[in-house]
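# Summary of structural features
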Amino acid sequence: MGRKAQALGQLCGWGLRGCLSLPHWVSGAGGCCPRAQEMELAGQVGTAQESNDELEPEPDPPRQRNCCSCFREDLPQVMPEIIQEALKRRTMYQAHLPGAGIFQCSITGLGFKVKSAVTVTYRYASWSRHLSKADEEMWVPAGPLFHIKVQPRVVQEVHLPHFICLAEDVDTSLCSIAHFKSEKMILERPTRVVAFFAVLRNPSFSLLGMLWRKLRSTLNSLPMHSLVLIYQQLRAANTTFHLYLIPDDNSVKQAIENQEKDWNSKLIPKPPPFSPLFFGCIYRVTSTDLVVITPEAHLPFCYKSPKEQQLFVEIYIKNMAEEIGLLMTNTRDNTEVWRASLRSGDINPPAFASTNMSGGAFLKKHKAKLCSRMRQLTILPHLRTANVINSDEEEELRGQNTNVTRNLILLDLIEKKGLEAQEQFYQILRLKDPYFVADLENSS
């Protein structure tokens, strides 16, 4: 079974067993989740069972528990060097901090207060690989897990991202910082917990991340920041989207982005929910127009580790109108928590510049931008199939540590192979990444 079919299958079976955030008692009486017999059938048409009055968007979002008090602290941003470890299929980050002060990674949100200039190396890790079954019954991840390496005694504070909404009266004494050493979890109280970060002073580095203690009385009322991600399937019939509902966790977001790139999808940016959401609750997706939502129009809100397949619903639109509205409501009380519109301008295929440019001319003109911006791992198998590169060359390319180095080696290789190879490269890139090629051609 493919990963896409597995994700839809998990959702059809509710996928709750794989959610780290849901203890065995959540689905019982008094929990957020509706009874299984109340779920709608898979493959339902979003508007077939709803009246137009119910689905018509209101002029303004309903005023309810919001995150207006959760302001992100404005810290100096550092763009890390990105190192791709192809054999281990993971991404490392290396931040070169220029001197004493507080700095924040612009990609992961991880922050450091340091005494002097230092280089910090870090990557995301998976909670599911390190939390025992007993730990999962007692604790829920509240942010990414990081593997961090740095020179000892230089970092005064580490700022670990979390997605708990502190706009309400939240008991931060339930928060702990988890270390994993010799496969054992050690818990430490954070120095302070602020909006979007837990701060730990004088840290010792290993695997570090923020956990929240599970209590029957609080889990279903613990407000979480969340994201709605919508991806358009570029090679699918008509107009097909994947809609995800996840905690505001960059490690999970990145895992989804990587998976969707393998499926040749394009992100359609939309705002997050306008109120906090709650683990254990089920949220229903509906539309103001005729769409087909499979396997069903419900998404459980829970935490799934980045290495796990994330849950999504598939939205199929046979005839795309100028604008189609999407709504999300809490099935517990039918409260609207999110609204967005899909417009024809969001999804139309890119318009390529009118040009008779050859592959060789394209490569020569845009080589610098291709080196810095191209993500070519997804096109390597297609280049090999077309005999543009051989298997040894593909293996060498995958073994490079950075995208820029890999791109430079590939482009130099294709240039040496002549005009036919350059034309095949151009056509494959245009087919597999049309938005990137259109952006290059239209910007010149």
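Now for a quick tour of the structure. On a predicted model such as this, the values are computed, not experimentally measured, just so you know.

On to the nonpolar core, then. Counting 84 residues, the largest nonpolar core has Phe 112, Trp 212, Leu 243 and Ile 315 as the members making the most contacts within it. Counting residues per element, this core draws most heavily on strand β7 (residues 139-149), at six residues. Ignoring anything within four residues of it in the chain, the contact list for Phe 112 reads Leu 97, Gly 101, Ile 102, Phe 103, Val 120, Tyr 122, Ile 148, Val 155, Glu 157, Val 158 and Phe 205. Counting residues in each nonpolar core, the second largest holds 22 residues, with Leu 370, Ile 379, Leu 380 and Ile 389 among its members.

Within the secondary structure, Thr 240 is located in strand β16 (residues 239-247). Using a relative accessible area of 7% as the deciding quantity, one classes Thr 240 as buried. Apart from residues lying up to four places away in sequence, Thr 240 is in contact with Tyr 231, Gln 232, Gln 233, Glu 314, Ile 315 and Tyr 316.

Moving on, we get to the pairing of strand β4 (residues 101-105). Where strand β1 (residues 77-78) lies against β4, two bridges are found, and the strand directions are parallel. The residue of β4 that forms the bridge with Val 78 is Cys 105. Relative to strand β5 (residues 111-114), β4 is paired through four bridges, and the arrangement is antiparallel. Looking at the pairing, Gln 104 lines up with Gly 111 of β5. Remark: five residues form the turn of the hairpin made by β4 and β5, two consecutive strands paired antiparallel; Gly 109 in that turn has positive phi of roughly 85 degrees.

Further remarks concern helix α10 (residues 419-432). A rise of 1.5 Å per residue sets the reference length of α10, with its 14 residues, at 20 Å; its end C-alpha atoms lie 20 Å apart and thus fit the reference within 8%. Listing the buried residues of α10 in full gives Ala 421, Gln 422, Phe 425, Tyr 426, Ile 428 and Leu 429.

If you walk through the whole model with that rule in mind, you get eleven salt bridges. Residues Arg 201 and Glu 157 are paired through a salt bridge, measuring 3.6 Å at the closest nitrogen-oxygen approach. Taken as a pair, Arg 201 in strand β12 (residues 197-201) and Glu 157 in strand β8 (residues 155-161) lie far apart in primary sequence, 44 residues in all. Looking at Glu 157, the relative accessible area reads 5%, which means it is buried. Note that Glu 415 is salt-bridged to Lys 367, the shortest N-O span being 2.8 Å. In this pair, Glu 415 sits in helix α9 (residues 403-417) while Lys 367 sits in helix α6 (residues 359-373), placing the two residues 48 residues apart along the sequence. Since its relative accessible area comes to 32%, Glu 415 is described here as partly exposed. One continuous salt-bridge network, built from bridges that share partners, spans Glu 157, Arg 192 and Arg 201.

What counts as what
- Residues numbered from 1 in each chain as written.
- Predicted model: local features only at pLDDT ≥ 70, side-chain atom pairs only at ≥ 80, totals over all residues.
- Heavy atoms only, no water.
- Core = buried A, V, L, I, M, F, W, Y, C linked by side-chain atoms within 4.5 Å.
- Buried < 20%, exposed > 50% of the residue type's maximum accessible area, 1.4 Å probe, protein only.
- Helix = DSSP H or I, 4+ residues; strand = E, 2+ residues; numbered from the N terminus.
- Contact = heavy atoms within 4.5 Å.
- Pairing = 2+ DSSP bridges.
- Expected span 1.5 Å × (residues − 1).
- Salt bridge = Lys/Arg side-chain N within 4 Å of Asp/Glu carboxyl O.

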